[in-house]
Amino acid sequence: MHSLSFRSIAARRLPTLCLLLPLVLSAVPAQAQTSFGPEQVISTSPAVTGAVSVFAIDLDGDGDVDVLSAGYFGLTVAWHENDGSGAFTEHVIDEVGNTTAVFATDVDGDGDVDVLATRSTSHTVFWYENDGDEAFTKRVVTDAADNVEAIFATDVDGDGDTDVLSASLSDDEIAWHENDGDEAFTKHVISTSADWALSVFATDVDGDGDVDVLSASRLDDKIAWYENDGNETFTERVISTSANEAQSVFATDVDGDGDIDVLAAAELGNPFFGGKVAWYENDGSEAFTEHVISDSAHLAAFVFATDLDGDGDTDVLSASSVEGQVEDKVMWYENDGSEAFTERIISDSAFTPEAGFAADLDGDGDTDVLLASFYRDTSYTGGKIAWYENLGPRPSFRLSARPADPPDAVPPLEAAAGSAVTFGYTVTNTTGTAVSGDLYFVAERAGNAVARGRIASGTLQGNGSFSGSYTQNVPSAAPPGVYTYTLSIGRFSTLSAADSEIFTVVVTSPDQPGLRSAGEPWAVSDAAPWPAESAADAPGAQSRATAVPVAAYPNPFASTATLGFSLAEGGTVRIAVYDLLGREVARPVDGTVTAGEHTVQLDGTRLPAGSYVVRFEGDGRVETQHVTLVR
């Protein structure tokens, strides 16, 4: 028997009486973490009354991220123009009526961003053609999606244009709408067994190069994916039927193992009002294992996944709502890198949160949170679109460093090719709890990374410090010139720095050809081990800078980033770049590459500002790296 607390519009939203349940508080140890600022209201205008959907993208092509909203009772699709500093001006696109979802992408391939929206009561999906100056013309994708609840857009059939997907609850249908290249759409039914379908998503789940589809459906508690055979014939594969009143589905590589995992939000848990946010681990063969992130997300409204704290792993965003009770909150779940998640509260005063998104709204290089609330406040009127600024992490480490040999060196440092420089350093843990980290370096010449390597790793106790030294060898083959040498403390695997020291090094011609380090390019020697360092972490007497993960420089980047990677052996390499919705937006490398260190350029000039995932496949490994494009 299913609860009648349907979040879907068909049974929504009158004030409800709720039982006041005991509130259990638990303490967690203080630690360095990303924090979010107070609510900043984008709109409470009539246009966002009954706000049910929100999306973020650079709609007007001016380099900052704008916001789109759908107001069910406001009957309106609107966009909110960002002035570049997180202040917004509202523009109504259409008073479409009873809209349940909004999405944006370049539908017609003319280089600007178009908008998609739904009208559930007329069973219609619309797209709004942008003329390049944000004047929009309404076009129909389909009028046969019975009480359409959700939409998504991507190139389903791989023919180079944008197709549309829909989830409709009255006919239990998941469908895709084929774009013929001239924006005439033909409907193709994927499934009619998604009982009360509420969410749809698309990405390559099984890694075979085509686009698969995912859904969440409420009355059968089901999370499913539909395998594309490459010719757009889809076969249903059930992931779970225990997502009690499933509300939302999302897909990304949660555990960084190179395959696509699935996330879901379910309104109910055990006991009633428990709510659940879970991820389903893909074993690489599309067998999924459920891992519960939270079973206390009361009436979980949505799920979204991205790297919120900039540490290189995937965090999870959600919200819970019991219409004004203590459970109304927006929260993110911090991934510790091993998929153990800790709940962090963004706001505990978000009244009736309904939909969320994450993007860099203020252009400062980190990911902010965007929220649509069905009602404005406890008056049970209006609606609200708001955002929460990511204030960044409290630094867990501080680093100070100096050249120790040659002594009393005055910047810029001079080093002959084939010689060495010794650095002394002190690392301080600024938190009250033990924190692990890596000391590592990056050497660049003319803006291009030439080497990077880990120097030492270990754990510092709360408020502790450690001093050490190491020798940096400069290879005999290093071309003379000016180098930027950055010493950082943080996480080497993702080049995420808590603190850094930057030195300018002038490399001159070798004093003696072949001296000292000819066979060890940019090697580190004489590095003292850190406290609590495991044997697996120990750099040893010499730490080579070649066995390293894919990395991006700079990160965040404004237009072009350099992607660096190394291969122990030559072979096939593929580097692909995906947006936060799992759509491939670039493929900088796809072919045979020789052994050694390589760099390639990622051109972001035609991409909207925001966060992206770089996926590296090659050398017998799969790695991912999060990058942020800013303007």
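Every value quoted in this text rests on a predicted model; they were computed, and no experiment measured them.

What counts and what doesn't
Residues numbered from 1 in each chain as written. Predicted model: local features only at pLDDT ≥ 70, side-chain atom pairs only at ≥ 80, totals over all residues. Heavy atoms only, no water. Helix = DSSP H or I, 4+ residues; strand = E, 2+ residues; numbered from the N terminus. Buried < 20%, exposed > 50% of the residue type's maximum accessible area, 1.4 Å probe, protein only. Contact = heavy atoms within 4.5 Å. Areas by Shrake-Rupley, 256 points an atom, 1.4 Å probe, with all protein chains shown as cover. Pairing = 2+ DSSP bridges. Axes fitted to C-alpha atoms, helices over the stretch in contact; angles between N-to-C directions. Core = buried A, V, L, I, M, F, W, Y, C linked by side-chain atoms within 4.5 Å. Salt bridge = Lys/Arg side-chain N within 4 Å of Asp/Glu carboxyl O. Polar contact = N/O pair within 3.5 Å; in protein donor to acceptor, adjacent residues only side chain to side chain. pLDDT = per-residue confidence, 0-100. Lys, Arg positive; Asp, Glu negative; His and termini not counted. Phe/Tyr/Trp six-rings, centres within 6.5 Å; stacked < 30°, edge-to-face > 60°. Lys NZ or Arg CZ within 6 Å of the ring centre and 35° of its normal.

Across its full length, the protein chain carries zero helices and 45 strands. Looking at the protein chain as a whole, 58% of its 631 residues qualify as buried. Pairs at least 24 apart in sequence give 54% of the contacts found in the protein chain among residues at least 6 apart. A total of about 23,800 Å² of accessible surface is found on the protein chain, and carbon and sulfur atoms cover 49% of it.

Bringing the sheet that holds strand β8 (residues 124-130) into the picture now. Pairing between the strands of a sheet comes from backbone hydrogen bonds, and it takes one of two forms, parallel or antiparallel. Taken in spatial order, the four strands make up an open sheet running β6-β7-β8-β9, and their pairing is antiparallel. The open sheet has two edge strands with one neighbour each: β6 (102-105) and β9 (136-142). Strand-to-strand twist in this sheet, taken as the mean axis angle between neighbours without regard to direction, amounts to 25 degrees. Looking at chain direction, β8 and β9 are connected through six bridges and run antiparallel. Paired with phenylalanine 126 across the two strands is valine 140, which belongs to β9.

Core analysis: the biggest nonpolar cluster contains 119 residues, and Leu68, Ile223, Leu317 and Leu370 have the highest contact counts within it. Here this core gets six residues from one element, more than from any other, and that element is strand β2 (residues 51-57). Setting aside residues no more than four positions away along its own chain, leucine 370 makes contact with Ile42, Val54, Phe55, Ala56, Val67, Ala355, Gly356, Phe357, Leu361, Ile385, Ala386 and Trp387. Core analysis: the second largest hydrophobic core is formed by 31 residues, Phe466, Val474, Leu487 and Val507 among them.

In spatial order, the strands read β2-β3-β4-β5; together these four strands make up an open sheet with antiparallel pairing. Of all the strands in the sheet, the pair left with one neighbour each is β2 and β5 (88-94). Going from strand to strand, the sheet's axes swing by 25 degrees on average, the running direction of each strand aside. Sheet topology places strand β3 (residues 66-71) next to strand β4 (residues 76-82); five bridges connect them, and they run antiparallel. By the bridge assignment for β4, leucine 68 is matched with tryptophan 79.

Along the chain, phenylalanine 616 falls in strand β44 (residues 610-618). For phenylalanine 616 and alanine 551, which are 65 residues apart along the polypeptide, the C-alpha to C-alpha distance reads 9.8 Å.

Turning our eyes to something else, we now look at the pattern of salt bridges. The tally for this structure, following the rule as stated, stands at 18 salt bridges. Across the pair glutamate 245 and arginine 218 runs a salt bridge whose closest N-O atoms are separated by 2.6 Å. Here arginine 218 lies in the loop between β15 (212-217) and β16 (222-228) and glutamate 245 lies in the loop between β17 (234-240) and β18 (246-252), a separation of 27 residues in the sequence. Neither residue differs from the other here; glutamate 245 and arginine 218 are each classed as buried. A salt bridge links aspartate 377 to arginine 376; its shortest N-O distance comes to 3.5 Å. Classification of aspartate 377 as partly exposed rests on a relative accessible area of 30%. Through salt bridges that share partners, Arg574, Glu584, Arg587 and Asp590 make up one connected network.

Burial analysis of strand β20 (residues 276-282) places six of its seven residues in the buried class, the great majority of the element. Taken together, the five bridges between strand β19 (residues 261-266) and β20 define a ladder with antiparallel strand orientation. For valine 262, the partnering residue across the bridge sits in β20 and is tyrosine 280. Strand direction decides the pairing type here: β20 and strand β21 (residues 288-294), joined by six bridges, are antiparallel. For asparagine 282, the partnering residue across the bridge sits in β21 and is phenylalanine 288.

For the rest of this paragraph, the subject is the pairing of strand β23 (residues 315-320). Of all six residues in β23, six are buried; the element is thus mostly enclosed. Alternating positions in β23 separate into two faces, Asp315, Leu317 and Ala319 on one and Val316, Ser318 and Ser320 on the other, with burial throughout. Note: strand β22 (residues 303-306) against β23, four bridges, orientation antiparallel. Paired with alanine 305 across the two strands is valine 316, which belongs to β23.

Mapped onto the elements of the fold, asparagine 82 is located in strand β4. The exposure class of asparagine 82 is buried, given its relative accessible area of 1%. Engagement of the side chain of asparagine 82 in a polar contact is seen with the backbone nitrogen of glycine 86, the distance being 3.1 Å.

This next bit is on the environment of valine 427. Relative to the elements of secondary structure, valine 427 occurs in strand β31 (residues 420-429). Distance in space between the C-alpha atoms of valine 427 and isoleucine 489 is 7.7 Å, their sequence separation being 62 residues.

For the protein chain, per-residue confidence averages 83 on the pLDDT scale, and 85% of positions sit at 70 or higher. The model gives residues 1-32 a pLDDT under 50, and that stretch makes 65 contacts with residues more than four places away or in other chains. Low pLDDT, under 50, characterises residues 512-520; the predicted model gives this stretch 17 contacts beyond four residues in sequence or across chains.

Our focus in this paragraph is unusual backbone geometry. Peptide bonds are mostly trans, and most non-glycine residues show a negative phi. Residue glutamate 286 is not a glycine yet carries a positive backbone phi of 65 degrees. Locating glutamate 286 in the fold gives a position in the loop between β20 and β21. The backbone phi angle of leucine 299 is positive, close to 45 degrees, even though this residue is not glycine. The exposure class assigned to leucine 299 is buried, which follows from its relative accessible area of 11%.

By secondary structure assignment, the location of aspartate 315 is in strand β23. Although aspartate 315 is buried, it forms no salt bridge, and the closest oppositely charged side chain is arginine 344 at an N-O distance of 8.4 Å. Polar side-chain contacts of aspartate 315 include one of 3.4 Å to the backbone nitrogen of aspartate 309.

Another point: the packing of aromatic side chains. Per the counting criterion, the structure on display carries 20 aromatic pairs. The interplanar angle of 70 degrees and the centroid separation of 5.1 Å between the aromatic rings of tyrosine 72 and phenylalanine 73 together place this pair among those described as edge-to-face. With a relative accessible area of 44%, phenylalanine 73 lands in the partly exposed category. In textbook terms, an aromatic cluster arises when at least three aromatic residues are bridged by ring pairs, as seen for Phe55, Phe103, Phe152, Phe201, Phe250, Phe304 and Phe357. The positively charged end of lysine 138 is found above the aromatic ring belonging to phenylalanine 126, 4.7 Å away from the centroid.

To continue, consider the environment of valine 630. Topologically, valine 630 is positioned in the segment after β45 (621-629). Taking the C-alpha atoms as reference points, valine 630 and glycine 610, 20 residues apart in sequence, are found 6.6 Å from one another. The contacts of valine 630, once residues within four sequence positions are left out, are Asp360, Gly363, Gly365, Pro556, Phe557 and Ala558.

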